[in-house]
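# A closer look at the structure
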Amino acid sequence: MSDNSFGHLFRVTTWGESHGPAIGCVIDGCPPRIALSEADIQPWLDQRRPGQSKFTTQRQEPDSVEILSGVFEGRTTGTPISLLIRNVDQRSRDYGDIAERYRPGHADVAYDLKYGIRDYRGGGRSSARETAMRVAAGAVARQVLGAGIRIRAALVQVGTHRIDRGRWNWDSVGDNPFFCPDPETVPVWEAYLGAVRKAGSSVGAVVEIVAEGVPPGLGAPIYGKLDSDLAMALMSINAVKGVEIGDGFAAAALTGEENADPMRMEDGRLVFAANHAGGVLGGISTGQALVARFAVKPTSSILTPVASVTRGGENVEVSTRGRHDPCVGIRAVPVGAAMMACVLADHLLRHRGQTGHDPRLA
Ligand SMILES: Cc1cc2nc3c(=O)[nH]c(=O)nc-3n(C[C@H](O)[C@H](O)[C@H](O)COP(=O)(O)O)c2cc1C
């Protein structure tokens, strides 16, 4: 399988399967002399780690990261950075049922149609175990970007239940098992998802990512637009079915007057009075907050039997047991933020490569 890499100058390649001995990534192009140790990466991985609440899969993976190369005496050397996480809690017997039967809504059938062979244990390469390495790479990207660029993400909708944006409080995100920025919505989601989980069912969700302190000028027209690269990066996350930048699909219902982000000069600085654009115009960052959202579908592995087929072409009903996330949107929150970090690090280096200028120093 090719195409396991993304990014141009900050280039990330991931490898590994759900039930293999380990998963890993190689980051090529990270600039030298950047402070980096396992302690810079592990806290981000801990946010995505499974088994932390009853609302995520009960697979117990410590997701302890090891740096194998590219770092010397606590700083990057400019050579490829290789990161490794050992899988420790594989339970292949849970997946015997799906060796011959395709789970409707999962990648089982598509992998077999394409490759004629599939590691069915835990979904193999199509498992979201892979997203742990995106989070690890994102932590390295954050080191490249520096403290001036702040990337945060939150869950804003679970099934049909949306947060009240008027109550948005970033400080609440770390205080509940959902990365929810609205404390009053937490008990609503708790009751709702508790029932979904007990029924062996699943629901979708919407994740929002906001990057502040992004300097103007990142993004390269025409085919390297910041928003198109971001859309690709977010869309490549497992189970993502839609991506929006700024007002996204809601912009279609606005008039030009409503959608315009008015500009003024204040004390010699360009100031915008609104941010419908989500921080990008013409594929280039404006200096406003970069805002993206993505929708994830409900987990396909559910207990309710659904019509499907076997590898041998027999009609069957498939009901999936084993350990699954009732709402994959929860653990997708740190993954989305990591992808934003990787895209921004790549564009920062690309901007510097083309213009010879570090926009953070403006
Ligand atoms: C963080 C995260 C956790 C996931 N956990 C599960 C899971 O427990 N069970 C499952 O069937 N799918 C899970 N998924 C979704 C599958 O990985 C995904 O649906 C599958 O790869 C098929 O790809 P597609 O949905 O993008 O078409 C998860 C996705 C993410 C982002």
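Computed from a predicted structure; not experimentally measured.

Let's shift gears to the UniProt feature "binding site: NADP(+)" (unreviewed entry) in the chain. In the numbering adopted here, UniProt assigns the feature "binding site: NADP(+)" (unreviewed entry) to Arg48 and Lys54. Assignment of secondary structure puts arginine 48 in helix α1 (residues 38–48). Classification of arginine 48 as buried rests on a relative accessible area of 1%. Not counting residues up to four positions away in its chain, the partners in contact with arginine 48 are Asp63, Ala128, Arg129, Thr131, Ala132, Val135, Arg331, Pro334 and Val335. Tracing the backbone through its elements, the reader meets lysine 54 in the loop between α1 and β4 (65–69).

Let us look at the nonpolar core. Among the nonpolar cores identified, the biggest contains 81 residues, and Phe10, Ile27, Ile41, Leu83, Ile151, Phe294 and Leu344 are the most heavily contacted of them. With 15 residues, helix α7 (residues 329–355) is the largest single contributor of residues to this core. Ignoring anything within four residues of it in the chain, the contact list for leucine 83 reads Ile23, Gly24, Cys25, Ile27, Ile41, Val65, Glu66, Ile67, Met133, Ala136 and Val140.

Interaxial distance between helix α3 (residues 131–145) and α7 falls to 7 Å at its minimum, and their mutual angle equals 45 degrees. Relative to α7, α3 is oriented oblique. Here α3 runs over α7; the crossing is left-handed. Contacts between α3 and α7 involve Thr131, Arg134, Val135, Ala137, Gly138, Ala141, Arg142, Val144 and Leu145 from the former and Pro334, Val335, Ala337, Ala338, Met339, Ala341, Cys342, Leu344, Ala345, Leu348 and Leu349 from the latter.

Analysis parameters
- Within any chain, residue numbers begin from 1 and follow the written order of that chain's sequence.
- Residues qualify for local features only when their pLDDT is at least 70, as the model is predicted, and side-chain atom pairs are given and counted only at 80 or more; totals for whole chains, interfaces and linings, by contrast, use all residues.
- Excluding hydrogens and water, the side-chain values take into account all heavy atoms of the structure.
- UniProt positions are given in the numbering used here, feature names are shortened, and annotations may be inferred rather than shown by experiment.
- A helix here means a DSSP run of H or I that spans at least four residues, while a strand means a run of E at least two residues long, and both kinds are numbered starting from the N terminus.
- Burial classes follow relative accessibility: with a 1.4 Å probe on protein chains only, a residue under 20% of its type's maximum area counts as buried, one over 50% as exposed, and anything between as partly exposed.
- Contact between two residues is taken to exist if any of their heavy atoms lie within 4.5 Å; hydrogens are not considered.
- Put simply, a nonpolar core is a bunch of buried Ala, Val, Leu, Ile, Met, Phe, Trp, Tyr and Cys residues held in one set by side-chain atoms that sit within 4.5 Å of each other.
- Only C-alpha atoms enter the line fits that serve as axes; for helices the fit covers just the stretch in contact. Angles between N-to-C directions range over 0 to 180 degrees.
- Orientation labels follow simple angle bins: below 35 degrees gives roughly parallel, above 145 gives roughly antiparallel, 65 to 115 gives roughly perpendicular, and whatever is left gives oblique.
- Crossing handedness: left-handed means the near helix sits turned counterclockwise from the far one by under a right angle, and right-handed means the same turn made clockwise.

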